[in-house]
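Architecture at a glance
The lines below spell out each chain.
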Amino acid sequence: MNDTLLTAPTLWGLIQLRATATPDACMLIDIDGKRWSFAQFAAGAERVASTLRVHGVGDGSVVTWQMPTSVGALLVSAALARLGAIQNPVIHLYGKKELLAILKQNRSSLMIVAAHAERDYAALARSVTSELAEPPALLEFDLACIRTDPHLQAGPPVHDDVRWVYYTSGTSADPKGVCHTDASLIAGGRALAQALALTSSDIGSFSFPCAHVGGSMYLVMLLCVGMAALVLPSFDPQKSSALFTLHGVTTTGGSTAHYQGLLNAQRKQPGTPLAPTLRLLSGGGAAKPPALFYQLRDELQLKVAHSYGMTEAPMISGGSPLHSDEQLAHSDGKPVAGMSIRIVLADGSLAANGEPGEIRIKGPTVCRGYTDPALTQAAFDADGYFRTGDIGLLRADGHLALTGRLKDVIIRKGENISAQELEQILGLHPKVGAVAVIGLPDRERGERVCAVVELRDPAERLSFDDMVACFEAAGSMRQKIPEQLELVDQLPRNETFNKILKFKLRERFSGEQHG
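Residues numbered from 1 in each chain as written. Predicted model: local features only at pLDDT ≥ 70, side-chain atom pairs only at ≥ 80, totals over all residues. Heavy atoms only, no water.

**Structural notes on the overall build of the protein chain**
Filter applied, for reference: Note on conventions: DSSP H or I runs of at least 4 residues are helices, E runs of at least 2 residues are strands, and numbering of each starts at the N terminus. Each residue's exposure class comes from its accessible area (1.4 Å probe, protein chains only) as a fraction of the maximum for that residue type: buried when under 20%, exposed when over 50%, partly exposed otherwise. Charged residues are defined here as Lys and Arg on the positive side and Asp and Glu on the negative side; His and the ends of the chain fall outside this count. Charged groups are reduced to one reference atom each: NZ for lysine, CZ for arginine, CG for aspartic acid, CD for glutamic acid.
Helices and strands together make up the secondary structure of the protein chain, namely 15 helices and 25 strands. Going through the 515 residues of the protein chain one by one, you find that 57% of them count as buried. Within the protein chain, the 53 negative side-chain charges are centred at a point lying 1 Å from the centre of the 48 positive side-chain charges.

**Digging into the packing of aromatic side chains**
Keep this limit in mind: The aromatic pairing rule takes the rings of Phe, Tyr and Trp, using the six-membered ring of Trp, and pairs them if the centres are within 6.5 Å, calling planes under 30 degrees apart stacked, those over 60 edge-to-face and the rest tilted. Look at NZ for Lys and CZ for Arg. If either is within 6 Å of the ring centre and within 35 degrees of the ring normal, a charge sits over the ring.
Under the counting rule described, the total for this entry stands at 6 aromatic pairs. Relative to Phe-386, the ring of Phe-380 lies with its centre 5.4 Å away and its plane at 65 degrees, an arrangement referred to as edge-to-face. Through successive ring pairs, a cluster of aromatic residues spans Phe-206, Phe-208 and Tyr-218. Lying over the aromatic face of Phe-38, Arg-18 brings its terminal NZ or CZ to 5.8 Å of the ring centre.

**Notes on the sheet that holds strand 20 (residues 400–405)**
Heads up, the condition is: At least two bridges found by DSSP between two strands are what make those strands a pair. The axes used here are C-alpha line fits, helices contributing only the stretch in contact, and every angle between their N-to-C directions lies in the interval 0 to 180 degrees.
Read from one edge of the open sheet, 4 strands run 16-17-19-20, paired in antiparallel fashion. A single partner strand is all that each edge strand has here, and the edge strands are strand 16 (340–344) and strand 20. The sheet shows a mean angle of 50 degrees between the axes of neighbouring strands, taken without regard to direction. As paired elements, strand 17 (residues 357–362) and strand 19 (residues 386–394) share 4 bridges and run antiparallel to each other. When the bridges of strand 19 are listed, Gly-357 appears paired with Gly-392.

**Some thoughts on empty space enclosed by the protein**
Stated precisely, the cut-off is as follows: For each structure, a 1 Å grid was placed over the protein atoms alone; sets of points admitting a 1.4 Å probe that cannot get out are labelled cavities, open sets with protein on both sides within 12 Å along at least five of seven lines are labelled pockets, and lining residues have an atom within 4 Å of a point. Grid points are joined across faces, edges and corners, and a volume is the space filled by probe spheres set on the points. Classification convention: Asp, Glu, Lys, Arg as charged; Ala, Val, Leu, Ile, Met, Phe, Trp, Tyr, Cys, Pro as nonpolar; all other residues, Gly among them, as polar.
Taken as a whole, this structure holds 3 cavities of 30 Å³ or more when the rule is applied. Quantified by volume, the second largest cavity comes out at close to 50 Å³. Lining the second largest cavity are Trp-65, Leu-74, Ser-77, Pro-89, Trp-164, Tyr-166, Cys-210, Gly-215, Ser-216 and Leu-219. Elements supplying a minimum of two residues to the lining of the second largest cavity: helix 3 (71–83), strand 7 (162–167) and helix 7 (213–225). Take the lining of the second largest cavity: its biggest share by element is 3 residues, from helix 7. The residue makeup of the lining of the second largest cavity, split by class, is 7 nonpolar, 3 polar and no charged.

**Quick word on the sheet that holds strand 24 (residues 446–455)**
In a beta sheet, neighbouring strands pair by backbone hydrogen bonds and run either parallel or antiparallel. We apply this condition: Contacts are assigned to residue pairs that have any heavy atoms within 4.5 Å of one another.
Read across the sheet, 3 strands follow the order 23-24-25 without closing on themselves; strand pairing throughout is mixed. The open sheet has two edge strands with one neighbour each: strand 23 (432–442) and strand 25 (484–488). Looking at each pair of strands side by side, their axes are set apart by 25 degrees on average, direction ignored. In the sheet, strand 23 pairs with strand 24 via 10 bridges, with the strands oriented antiparallel. Bridged to Ala-436 within strand 24 is Val-452. On top of the sheet, helix 15 (residues 502–509) reaches strand 23, strand 24 and strand 25; it is set at about 60 degrees to strand 23, its chief contact.

**A word on the pattern of salt bridges**
For clarity, the threshold we go by: When a carboxyl oxygen of Asp or Glu is within 4 Å of a side-chain nitrogen of Lys or Arg, the pair counts as a salt bridge.
For the structure shown, the criterion picks out 24 salt bridges. Several salt bridges converge on common partners, so that one network encompasses Arg-412, Asp-442, Arg-445, Arg-448 and Glu-483.

**Points about helix 14 (residues 464–473)**
Cut-off, in case you're wondering: By definition, the arc is the one covered by directions from the helix axis to the C-beta atoms.
What helix 14 keeps buried is the set Met-467, Val-468, Cys-470 and Phe-471. One side of helix 14 holds all its buried residues, which, seen down the axis, span an arc of 155 degrees. Opposite its buried face, helix 14 presents the exposed residues Asp-465, Glu-472 and Ala-473, each directed more than 90 degrees away. On its buried face, helix 14 sits against helix 13 (419–426), strand 24 and strand 25. Count one or two residues on from helix 14 and you reach Gly-475, which has phi positive near 80 degrees.

**Thoughts on the pairing of strand 19**
With respect to burial, strand 19 is a largely interior element, 7 of its 9 residues being buried. When strand 19 meets strand 20, the two strands line up antiparallel, connected through 5 bridges. Bridge pairing in strand 20 places Asp-390 opposite Arg-405. Between strand 19 and strand 20, which pair antiparallel and follow one another directly, the connecting turn spans 5 residues, one of which, Gly-398, has a positive phi of 85 degrees.

**Here we look at the nonpolar core**
Here is the rule we go by: Note on terminology: a nonpolar core comprises buried Ala, Val, Leu, Ile, Met, Phe, Trp, Tyr and Cys residues joined through side-chain atoms within 4.5 Å.
Within the largest apolar cluster, 132 residues are counted, with the highest numbers of intra-cluster contacts made by Leu-28, Leu-52, Ile-112, Phe-206 and Met-221. Other than its neighbours up to four places away in sequence, Leu-52 contacts Val-57, Ala-79, Leu-80, Leu-83, Leu-110, Ile-112 and Leu-139. Formed by 20 residues, the second largest nonpolar core is a distinct cluster that contains Val-437, Val-453, Leu-462 and Phe-471.

Structure, rendered in structure tokens:
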């Protein structure tokens, strides 16, 4: 049962409310073990806001920040919310190409970067801003540079204006700016807290880039519940697990890659619990194979409550530890409060229960649109539903199950084949560490099905016959079995949540046929 969840119309209002309700409760624990209470965090954000005010930041100022996950980064974000600025958080792993595209679009007045970090963010920023006609001012931030005396006037008025612009990763094109309000992000964080059924005695972790939309959602969750979180600048399964145990972390996650990393680390020490205080993993951003749920349950003795969301709507549906194992393994949870979901067929009609189609959504966590009005117009249908581009179905129990992407359906001789379905089957093979199934151009078939496999152990090779036998054992129709198998040392992934970059695989293997 959740403690009473706090809520407020703005992020800064929520910070103040929590600092008043439980001022001395622990909110953040840094990697060195230093603890910040909710009252200390609120006061620190006030001081950072005072510092930023000196640099000209106020209501409506456009500010970009690029910092690794840290207490300082969370304070900067809270301070910008305090001032009513429009903030553009940038994933700390992004390089010159992505940063240049973002700054060309958003025309920020100030760029805030981490000082004294392992990466020279200031040098990166200078190399980018030197190519801009109107470069933003640059501020190198660390906790030592904040003012000790706030001297701020009353906070910004309650509003539902766009105050957050999150840029998508831009793996195949320039990044798209996704526009959020405080209200949409608060709705997401509150929905996450409700789904996970967390209490103030739980301890979570920032194990992922806090500049991702999930970072603000996780911050809101802490404030709603009144719980603490360990702040990790990077995620290493073995080292992070030791810190989880030291600080009593009960829940962590971020994405399927985090789940797999913890499972791999556990397998290096069978019989010895990797992180005995952990009871729950949560995350989103990528598909979760059902087999992975059961492996984590059996080998780490915990549950995985996977959610479905995206930058445009950080919480759409959420898994809960209160759900059955079957529901957690084979669905992406129940739609969050206030979320209306339509499953739409290719002809525009609504799908029947259990019938797959495009997922379209309308609800409190959905963004206002994009910075480009043309993209916004294309993203919403005539009834105001956001087109997710994902394929899924609503089950009889009301749970939502993703089955693929509109762009990830392989059409082989007129037959629609879900890449995700085949990935889940082949992912069960003991020799397979990770798999991506792609469609490649084929004169005879239109597209041929190709499975690209990263082996669990490079010494244990997977043959084409092994692959075919795996699909036959699963009862797959013959037309769905891949015609091509490729083994790679490592699947290409993006730097944010380790998503597999299928377009790179298509580029690499389009001219090859094997099997």
